[in-house]
Amino acid sequence: MPAWSRAIVAIALAGVLLVAGVAPLYALAPGGPSTGGSHSPADARVQALPESSFDVATTYRIDIRSDGDARWTINRTFALENDSHREGFEAIAEEFIDGEYSGQTVDAFEGASGLAAEATGREMTIVDVSHNVRTSNDSGSLLLSFIWTNFSYENGDRLHVDDVFETDPSWFPGLSEHERLIIARPAGYQYYSASTNVENQLLRWEGPHTFGSERPYIVFSPISPSGPTGQTGPGAFVLGGVALLSVLVILGYAARIGKLPGRRPTAEAGSSASTTAGDSRADDEPGGATDERATGVDEYDEGADSEGVGDSEHTAATTPEEGAEEAEEDEVDKDLLSDEERVERLLDENGGRMKQAHIVEETGWSNAKVSQLLSAMADDGRIEKLRIGRENLISFPDEEPDQR
C-alpha cells in the first residue's frame, strides 16, 4: 500500500477512535497521559469528585510465545484514597467488564495490529480478549488481556520481535510518566540480543521514554535441549558424572588391598597368630620402610599391612598360595566398613595405638562423633582409652600404650 494510502488509513482509524471516545493508540497509548485519559460518563463522574482525579499507573506486559503469537496484558491501576474513589472505581469497573468503558478498550490495538500487518506483510488479528478487575484496600486495577497473532517471526532457529513496532506513523511512540513496558521471553528460548538490558529474565522500559528511531527489538535463540537428542544438557552432565564416578570407584577398589577388619590377634588364636602379632610392629622399627620395599610390596598400596614385612622367617614360611589367599581376604573397600571397623583398621595400620586427634584427622569426622564412638567402643571392650595430659591415647585391649 502506498504511503498516502497508509496515511488515509491512519486518519480514518483516528477518526473512528475519537468517535468512540478514546484517543488513537499511537497518540495516547502508551505515549499519552495515564491519568484522566477517558471520557466515559462514569469517568467524568469520578473526575468531578472533590478529591480530584485518580492517580493511575499503567503497565503493558507482552509475553512472547514460541509460535510467534504474543499475550498482551494492559494493567491500569487506580489509587483509591477514600470511599468516594472506591465508589467511583466500582462504577468504572462495571462498565469495563461489560466492554463499555471507553477509557480502556481493545479497539485501539485492533487498529494498531492492522497498521503492523500492513508494514510487515504478516496477517495479524486480536483474539481471546478478556476483562478482569482486581481491588485491594488502596487500589483497583483494570486488566485488559488479549492475544496478538503473528507478533513475532522466525529467522532460522531464532525468533525476532522488531518489525511490528516499525510502522509509519508509529502506533507505539513511547511511554509517558507512570507507564512501563515489560516483555517476557517464550518458553524454551533465551535472550540473544535486545535493545535494553535483561533484568530478572524480563525486558523493561520505564516512562517517560520516547523510542524514536530506537524502537524495541529483541532476538530470542532456542535453549539447547537435553536427553536422547544427544545434545548437551543438564541430564547429560548428570549421567556423565555418575558414569565417571562409577569408573573411579572401580579403579580405586582395584588399586587398594586392605586388611580385613577385626580385633588384634591374641595368644588364644594360636602360635601363628602370635607370630603375626609380634611382626605387626615392623613398621615402627627403624628401616621398616626399607624392609617393605625389599619384599616387593608396592609403595602405592595404601592398604598394605606391615605383617610379615622385615621378618625373613615368617616370609619364607608363607607359600605363594597362602599369600594369595591373604591378599584376597584383605581386599576390602573402606567405604564398606562400619565406623568401629574403620577405627580398628586405623589402629592396626598404626601399630595398635593412635592419638584421638589423629583419628579425627584420618577419618574427617567431627570431634564429637569420634569421642562418642570411642567411648562406645571402650565400653564394649574393643579399645582402651588412656588420658595423657589433654589428649587421649587409643589402643587395642592388652596393648601397652606408648606415651608418645
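One numbering rule holds for all chains: residues counted from 1, following each sequence as written. Confidence filtering applies because this is a predicted model: local features only for residues at pLDDT of at least 70, side-chain atom pairs given and counted only at 80 or more, and all residues used for totals across whole chains, interfaces and linings. Remark: hydrogens and water are excluded; side-chain values derive from all non-hydrogen atoms of the structure.

Draft legend 1. Representation of the overall build of the chain. Strands are runs of DSSP state E lasting at least 2 residues, helices are runs of H or I lasting at least 4, and numbering of each runs from the N terminus. For the chain, the count of helices and strands is 13 helices and 16 strands. Any residue under 20% of the maximum accessible area for its type is buried, any over 50% is exposed, and the rest in between are partly exposed; the area is computed with a 1.4 Å probe on protein chains only. Put simply, the chain has 404 residues, and 38% of those count as buried. The accessible surface values rely on the Shrake-Rupley method and a 1.4 Å probe; as for residues, cover is taken only from the protein chains in view. Accessible surface computed for the chain: about 22200 Å², of which carbon and sulfur atoms make up 50%.

Draft legend 2. Seen up close, unusual backbone geometry. Looking along the chain, the bond that leaves Asp 168 and enters Pro 169 is cis, with omega of 5 degrees. Here the amide bond leading from Gly 207 into Pro 208 is cis, since omega sits at 0 degrees, within 30 degrees of zero. Its place among the elements puts Pro 208 in the loop between strand S11 (202–206) and strand S12 (209–210). Here the phi dihedral of Asp 128 falls at roughly 55 degrees; this positive angle occurs in a residue that is not glycine. Relative to the helices and strands, Asp 128 is located in strand S3 (residues 126–135). The phi dihedral of His 178 is positive, around 70 degrees, even though this residue is not glycine. Relative to the helices and strands, His 178 resides in the loop between strand S7 (174–175) and strand S8 (179–184).

Draft legend 3. How the structure looks around the pattern of salt bridges. Salt bridges are counted wherever a side-chain nitrogen of Lys or Arg sits within 4 Å of a carboxyl oxygen of Asp or Glu. Tallied over the entire structure, the rule returns nine salt bridges. Arg 122 is the salt-bridge partner of Asp 163, the closest N and O atoms lying 2.7 Å from each other. With Asp 163 in the loop between strand S6 (158–161) and S7 and Arg 122 in the loop between helix H5 (107–120) and S3, this pair connects stretches of sequence that are 41 residues apart. Arg 122 shares its class with Asp 163; the two are buried. Across the pair Glu 391 and Lys 355 runs a salt bridge whose closest N-O atoms are separated by 3.4 Å. Highlighted residues: Glu 391 in strand S16 (residues 391–395) and Lys 355 in strand S14 (residues 353–355), separated in sequence by 36 residues. Using a relative accessible area of 36% as the deciding quantity, one classes Glu 391 as partly exposed.

Draft legend 4. Up close: the pairing of strand S4 (residues 139–148). Judged by how many residues are buried, S4 sits mostly within the fold: ten of ten residues are covered. Side chains Ser 139, Ser 141, Leu 143, Ser 145 and Ile 147 of S4 all project onto a buried face; the interleaved residues Gly 140, Leu 142, Leu 144, Phe 146 and Trp 148 project onto the opposite face, where all are buried too. Where strand S2 (residues 70–79) lies against S4, ten bridges are found, and the strand directions are antiparallel. Along S4, the bridge assignment pairs Trp 72 with Phe 146. DSSP bridges decide pairing: two strands pair if at least two such bridges lie between them. Direction of pairing for S3 relative to S4: antiparallel, over a ladder of eight bridges. Following the sheet pairing, Val 133 is matched in S4 by Leu 142.

Draft legend 5. Region of interest: the sheet that holds strand S9 (residues 189–194). Taking strand neighbours across the sheet as the criterion, the four strands line up as S5-S6-S13-S9 in an open arrangement whose pairing is antiparallel. In the strand order of this sheet, the two ends are held by strand S5 (153–155) and S9, each with one partner. Neighbour to neighbour, the strand axes of the sheet diverge by 35 degrees on average, direction disregarded. Pairing of S5 with S6 involves three bridges; the strand directions are antiparallel. The partner of Asn 155 across the bridge, within S6, is Arg 158. In this description, a line fitted to the C-alpha atoms serves as the axis of each element, helices being fitted only across the stretch in contact, and the angle between N-to-C directions of two axes falls anywhere from 0 to 180 degrees.

Draft legend 6. The arrangement of the packing of aromatic side chains in detail. Pairing of aromatic side chains requires ring centres within 6.5 Å, counting the rings of Phe and Tyr and the six-membered ring of Trp. Pairs whose planes differ by under 30 degrees are stacked, by over 60 edge-to-face, and all others tilted. A complete count under the given rule lists 18 aromatic pairs for this structure. Between the aromatic rings of Tyr 191 and Phe 220, the centroid separation amounts to 5.4 Å while the plane-to-plane angle is 45 degrees, which identifies the pairing as tilted. In this pair, Tyr 191 is assigned in strand S9 and Phe 220 in strand S13 (residues 218–222), connecting sequence segments 29 residues apart. For Tyr 191, a relative accessible area of 17% corresponds to the buried category. Counting every residue linked through ring pairs, the aromatic cluster contains Tyr 60, Trp 72, Phe 109, Phe 146, Trp 148, Phe 151, Phe 165, Trp 171, Phe 172, Trp 205 and Phe 211. For a ring to carry a charge above it, either NZ of a lysine or CZ of an arginine must fall within 6 Å of the ring centroid while also lying within 35 degrees of the normal to the ring plane. The ring of Tyr 192 carries the charged tip of Arg 158 above its face, separated from the ring centre by 3.7 Å. The aromatic ring of Trp 365 is capped on one face by Lys 369, whose charged end is 4.3 Å from the ring centroid.

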